[in-house]
Amino acid sequence: MAKALIFDFDGVVADSEVLANTVLAEIVTELGVPTTVEDSYRAYLVPGIRAE
């Protein structure tokens, strides 16, 4: 029997949202669509969730 324990630390211990949106903006820009981190937040965050 497989046993696993999954922890979701995102925003609790480590906040990866800033890093993820920074990388996303860089990749989209490299693909030819100039994108800032702020653009990434506006376009790809779930409505109602706001990065601080």
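Worth saying up front: this structure is predicted, and the values here are computed from it rather than measured. (Residues numbered from 1 in each chain as written. Predicted model: local features only at pLDDT ≥ 70, side-chain atom pairs only at ≥ 80, totals over all residues. Heavy atoms only, no water.)

Asker: Help me understand the pattern of salt bridges in this model?
Answerer: Where charged atoms of side chains with opposite charge meet at close range, the side chains can pair. Evaluated as defined, the whole model comprises one salt bridge. Across the salt bridge formed by R42 and D39, the nearest N and O atoms sit 2.4 Å from each other. Of this pair, R42 and D39 are both found in helix α2 (residues 37–44), three residues apart, which corresponds to roughly one turn of the helix. According to the relative accessible area criterion, D39 is partly exposed, its value standing at 26%. (Salt bridge = Lys/Arg side-chain N within 4 Å of Asp/Glu carboxyl O. Helix = DSSP H or I, 4+ residues; strand = E, 2+ residues; numbered from the N terminus. Buried < 20%, exposed > 50% of the residue type's maximum accessible area, 1.4 Å probe, protein only.)

Asker: Is there a simple way to explain the side chain of T35 in this structure?
Answerer: Here T35 shows up in the loop between α1 (17–30) and α2. Look past the residues within four positions of T35 in its chain and what remains in contact with it is A25, V28, T29 and S40. (Contact = heavy atoms within 4.5 Å.)

Asker: Is there a simple way to explain the environment of V18 in this structure?
Answerer: Take V18: it is sitting in helix α1. Between the C-alpha atom of V18 and that of Y41, which follows or precedes it by 23 residues, the distance is 9.0 Å.

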